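# What the coordinates show
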Amino acid sequence: MSDSGYFKCACSHCQERIEFPAYAAGVIVTCPHCGVETRLIAPDAPDAPGPAAPPPPPPPPPQLAIKPSAPPPAPEVVTAPLADAAVGIIPVTAPSTGSKLKKALSVVFSVLAGLVVLALIGFKVWTKFRRAEHLIEAVKEESNPENSKSAPAPPAASDVIAGGAPPRRKPGEDLQVLDFEIQKASDGSLQYITGTVTNHSAKQYFNVKLEFELTRKDGKPGDQTTDSIRNISAKSAVPFKASIIGTAPVASAKLTKLEGEKE
C-alpha cells in the first residue's frame, strides 16, 4: 500500500495493473484496459507497520461500474422533399408529350365516331321520310280517278299487230312482265304496247319504269317507247299501256328495262 492509501492489483483477464483506493478492495469493477469486469484484490500487508490508514470515505459513486455511454446520434438533416411533405406540398410532374398526343388522338376518334353515328341516323330518317312520301303519293294517285293506272282498257276497236315474249324471270327478281301485245287503233294510226307487270315481292314497289326497243316493218330499228307505273303493291299485278310515237307500223318489240324503287 502506498503512502496515499491506494493499492495496485493485476486484472484477472489482461493482467494489466489497476490502481484503486484501499476502501474499494473486494469490489468488482470494469478494467480500464480491456473493458472486462474484474475483482479488486488488496495485496498482503508489509512486515513493518505503516501509518494508520485514514478512515474509509463514503461508498464510491455508482459510476465506477458504469461503462461510458455512447455519444448521442447526429441530428438528422431534413431534405427539401420531406419539408414539402411536412407542409402538405406534393411535387407535380409535368405530363409528357406522348401523353398529350394520346389524349388528342382519343378526342379526335371520339368526334369521328360521333359524326359517323349522326350520319347513319340521318340516313335512316331520310329513308323513312322517303318511304312516307311514296306512300302519300300512292294514296293520292289511287284517290284521283283521272291519274289512276288501274286496268286501262284498250280502245274498243283495235287490231293486234304482234305479240311479245318477255325474257324469262331470273332467280331473285321481284318484277316480271308475263306477256305483252302490240296493238293499233282501227280508226287511226295510234299504236301502243299493252301488258301486265307482276310484283312477286312481299314489299311494295314505287316508280316502276318499262322500256321497249321497237323494230318497224321497214326494218328500221332504234325506236323506243316507255311507260311508268306509280306503285305496285306486294304480291300483285298492274297493267300498263305504252304509247308508240310515229305512224310507221311496228313489227316487233323487245323489253329492255324493268326497274323500280322497293319499299
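Residues numbered from 1 in each chain as written. Predicted model: local features only at pLDDT ≥ 70, side-chain atom pairs only at ≥ 80, totals over all residues. Heavy atoms only, no water.

## Comments concerning the nonpolar core
Looking at soluble globular proteins, one finds that nonpolar side chains tend to be buried together. Of all hydrophobic cores here, the largest spans 21 residues; its most connected members are Ile-193, Phe-212, Ile-229 and Phe-240. Elements supplying a minimum of two residues to this core: strand S6 (175-185), strand S7 (191-199), strand S8 (205-216), strand S9 (221-232), strand S10 (236-244) and strand S11 (250-262). Discounting residues that sit within four places of it in the chain, Phe-212 has contacts with Phe-180, Ile-193, Asp-223, Gln-224, Thr-225, Phe-240, Lys-254, Leu-255 and Thr-256. (Core = buried A, V, L, I, M, F, W, Y, C linked by side-chain atoms within 4.5 Å. Buried < 20%, exposed > 50% of the residue type's maximum accessible area, 1.4 Å probe, protein only. Helix = DSSP H or I, 4+ residues; strand = E, 2+ residues; numbered from the N terminus. Contact = heavy atoms within 4.5 Å.)

## Structural notes on the sheet that holds strand S5 (residues 158-164)
With respect to topology, four strands assemble into an open sheet ordered S5-S6-S7-S10, the strand pairing being antiparallel. Here the strands that pair on one side only, and so sit at the sheet edges, are S5 and S10. Geometrically, the sheet is characterised by an average inter-axis angle of 25° between neighbouring strands, direction not taken into account. Bridge analysis of S7 against S10 gives nine bridges, and the strand direction is antiparallel. The partner of Val-197 across the bridge, within S10, is Val-238. (Pairing = 2+ DSSP bridges. Axes fitted to C-alpha atoms, helices over the stretch in contact; angles between N-to-C directions.)

## So, the packing of aromatic side chains
As enumerated under the stated definition, the model contains four aromatic pairs in all. Through a chain of ring-to-ring contacts, the aromatic side chains of Phe-180, Phe-212 and Phe-240 assemble into a single cluster. (Phe/Tyr/Trp six-rings, centres within 6.5 Å; stacked < 30°, edge-to-face > 60°.)

## Here we look at unusual backbone geometry
The phi torsion at Gln-15 lies on the positive side, around 65°, for a residue other than glycine. Locating Gln-15 in the fold gives a position in the loop between strand S1 (6-10) and strand S2 (17-21). You can call Gln-15 exposed: its relative accessible area is 52%. Backbone geometry places Asn-207, a non-glycine residue, at a positive phi of 50°.

## Describing the confidence of the model for the chain
Residues with a pLDDT of 70 or more make up 70% of the chain, whose mean pLDDT is 77. The low-confidence segment residues 45-53, where pLDDT is below 50, has one contact with residues more than four positions distant or belonging to other chains. (pLDDT = per-residue confidence, 0-100.)

## Description of the environment of Ser-243
With respect to the helices and strands, the residue Ser-243 is situated in strand S10. Overall, the relative accessible area of 44% leaves Ser-243 in the partly exposed class. Residues Ser-243 and Ile-193, 50 residues apart in the sequence, show an inter-C-alpha distance of 6.5 Å. Sequence-distant contacts of Ser-243, that is, excluding residues within four places in its chain, are made with Gln-191, Tyr-192 and Thr-225.

## Description of the pairing of S6
Looking at chain direction, S5 and S6 are connected through six bridges and run antiparallel. When the bridges of S6 are listed, Ser-158 appears paired with Ala-185. Two elements, S6 and S7, share eight bridges in a ladder whose sense is antiparallel. Across the sheet, Gln-176 pairs through a bridge with Thr-198, a residue of S7. Hairpin geometry of S6 and S7 is characterised by an intervening segment of five residues between the two adjacent antiparallel strands.

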